[in-house]
There are 2 protein chains.
Amino acid sequence: MKQGESDLPPASPSQVVSPQTVNRLSLYLRCLRRLQELRIRRISSLEMARRFDLSATQIRKDLAQFGEFGIRGVGYDVDQLTEHLCTLLGLDRRHRVVIVGVGNLGRALSQYLGFNSGSFQVVAGVDIDPRQVGRPAGGFRIGHSADLAEIVSDSKAEIGVLTVPAEAAQENYDALVAAGIRGVLNFTRARLQSVPEVPVKDVDLRIHLEEMAFFLRE
Amino acid sequence: MKQGESDLPPASPSQVVSPQTVNRLSLYLRCLRRLQELRIRRISSLEMARRFDLSATQIRKDLAQFGEFGIRGVGYDVDQLTEHLCTLLGLDRRHRVVIVGVGNLGRALSQYLGFNSGSFQVVAGVDIDPRQVGRPAGGFRIGHSADLAEIVSDSKAEIGVLTVPAEAAQENYDALVAAGIRGVLNFTRARLQSVPEVPVKDVDLRIHLEEMAFFLRE
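Residues numbered from 1 in each chain as written. Chains lettered and ligands numbered in written order. Predicted model: local features only at pLDDT ≥ 70, side-chain atom pairs only at ≥ 80, totals over all residues. Heavy atoms only, no water.

Colleague: What should I look at first to understand the nonpolar core in this one?
Modeller: Soluble globular proteins tend to bury their nonpolar side chains together. Counting residues in hydrophobic clusters, the biggest one holds 100 residues, and the most contacted among them are Phe115 of chain A together with Phe115 of chain B. Phe115 of chain B has contacts with Leu205, Arg206 and Leu209 of chain A together with Leu109, Phe120, Gln121, Val122, Val161, Leu185 and Phe187 of chain B, leaving out every residue within four places of it along the chain. (Core = buried A, V, L, I, M, F, W, Y, C linked by side-chain atoms within 4.5 Å. Buried < 20%, exposed > 50% of the residue type's maximum accessible area, 1.4 Å probe, protein only. Contact = heavy atoms within 4.5 Å.)

Colleague: Would you mind showing me how to read the sheet that holds strand 7 (residues 143-144) of chain B here?
Modeller: Whenever strands of a sheet pair, they do so through backbone hydrogen bonds, lying parallel or antiparallel. Residue and element names in this part refer to chain B. Spatial ordering of the open sheet is given by 7-4-3-8-9-10, a layout of 6 strands whose pairing is parallel. In the strand order of this sheet, the two ends are held by strand 7 and strand 10 (200-202), each with one partner. By the bridge criterion, 4 bridges tie strand 8 (residues 159-162) to strand 9 (residues 183-186) in an arrangement that is parallel. Bridging across to strand 9, Gly160 finds its partner in Val184. Across the sheet, helix 6 (residues 148-155) touches strand 3 (95-100), strand 4 (120-127) and strand 7, and the angle it forms with strand 4 is around 160 degrees. (Pairing = 2+ DSSP bridges. Helix = DSSP H or I, 4+ residues; strand = E, 2+ residues; numbered from the N terminus. Axes fitted to C-alpha atoms, helices over the stretch in contact; angles between N-to-C directions.)

Colleague: What is the right way to look at helix 1 (residues 19-37) of chain A in this model?
Modeller: Residues and elements named next belong to chain A. Look at helix 1: 27 Å from first C-alpha to last across 19 residues, which is about the 27 Å you get at 1.5 Å a residue. Those residues of helix 1 lying buried are Gln20, Thr21, Val22, Leu25, Ser26, Tyr28, Leu29, Arg30, Cys31, Leu32 and Leu35. Positive phi appears at Arg39, one or two residues downstream of helix 1, with a value of about 60 degrees. (Expected span 1.5 Å × (residues − 1).)

Colleague: Explain the packing of helix 2 (residues 45-52) of chain B against helix 3 (residues 56-64) of chain B here, please?
Modeller: Think of two packed helices as two axes; the pair is described by the angle between the axes and how far apart they sit. All names here are of chain B. Contact geometry for helix 2 and helix 3: axes closest at 8 Å, N-to-C directions at 120 degrees. Taken together, helix 2 and helix 3 sit at an angle that is classed as oblique. Crossing of helix 2 against helix 3: the hand is right-handed. Where helix 2 approaches helix 3, its residues Ser45, Leu46, Met48 and Ala49 are matched on the opposing element by Ala56, Ile59 and Arg60. (Parallel < 35°, antiparallel > 145°, perpendicular 65-115°, else oblique. Left-handed = near helix turned anticlockwise from the far one by under 90°.)

Colleague: I would appreciate a short explanation of the interface of chain B and chain A in the present structure.
Modeller: Accessible area lost when the parts come together is the quantity often used to give the size of an interface. Between chain B and chain A, the residue contacts involve 66 residues of the former and 66 residues of the latter. Together chain B and chain A conceal approximately 6,100 Å² of surface at their shared face, both sides included; 62% is due to carbon and sulfur atoms. Area buried by chain B at its contact with chain A is led by Leu209, Glu210 and Leu216 of chain B, which between them contribute 11% of it. Seen at the junction of chain B and chain A, the total is 10 salt bridges. Note that Glu211 of chain B is salt-bridged to Lys201 of chain A, the shortest N-O span being 2.9 Å. (Buried area = accessible area lost by both parts, 1.4 Å probe. Salt bridge = Lys/Arg side-chain N within 4 Å of Asp/Glu carboxyl O.)

Structure (structure tokens):
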């Protein structure tokens, strides 16, 4: 990579990166994929900011944390930057996902294309309901929650998706930690007591409705 | 409200606000609700930034766009700011939601607590599958997609949630527009041709997994 648009010296990869920065990197990646669809090969931070309603300074700062990507006056190579961001975000390899609680939401997520393409694949699901156990969901049969440790170990799942009732969230998080899972997406409303080695990301789908509501104000 | 921490003069509410700003306002609201749970009554932009890993300057700039909320050296009144943000975001009234496509994801969302509490309520759902029509889902019976216009009118739904297969997304968006819906959340991977009067917000649940993947890098 050539000398770039960077305002800041590159930081070591081990430096602490805030969840907000990761959020933005993920957003940039989405924008770049859109540019690839449109067959745009080069873009400046300014043009990217204009097109996707972002801040050019923020783009340059965020990317500069991880190296020097753009060429001053020429901009970013879309394909190269896409590849770099994929690597940065850990998306250059497949992550295996286990769904804990295969009700409507768990079942929907186990079949959701975004959870089963590119860097992610749902490889297992468990439920406590005997009527669910043994039924197919996505590409696997639902196991019993009591067998979680074995299922995680056999399926090599790294990410646990919690779609159980809120009151069962903590015990299932604890079980995922004991089973050796590395990170948890929490779709419940429960606030989990977590250990640093197994980070939790809370997902609140209401936020999408809230953003919509703003644009519907009278 | 007293003279504030604002760096910028307040803008008129009619000014164009970017989706990214709305995103952040929604995030601030979430932080403030957390502070309310913790019974914290006052907070400075600096302390709020530190606690939730945000930028204090950004908080002040974002809020200053809409008026002057904080008191210099004292900070924000948590309850007051929460109320103001709710009003700003259009969350001070109930929004009615119709689910278009009541498969696993549509059914899950129709029962999801965040879609049925506070400012939102799922009031109707439609599907094209005759086996689904007439079945209960959440607090209503599923109607037929052919009756969408009448169902939207009768239920006074304002927001449409698209959870149909991607290839059916555009025709269902068009039908929602014709039925008088005011905004659409698109859970499909389709890129919709939309009209400015009926904005679309694309929801890609993969983003939550991508953020998790970053923290699992070796």
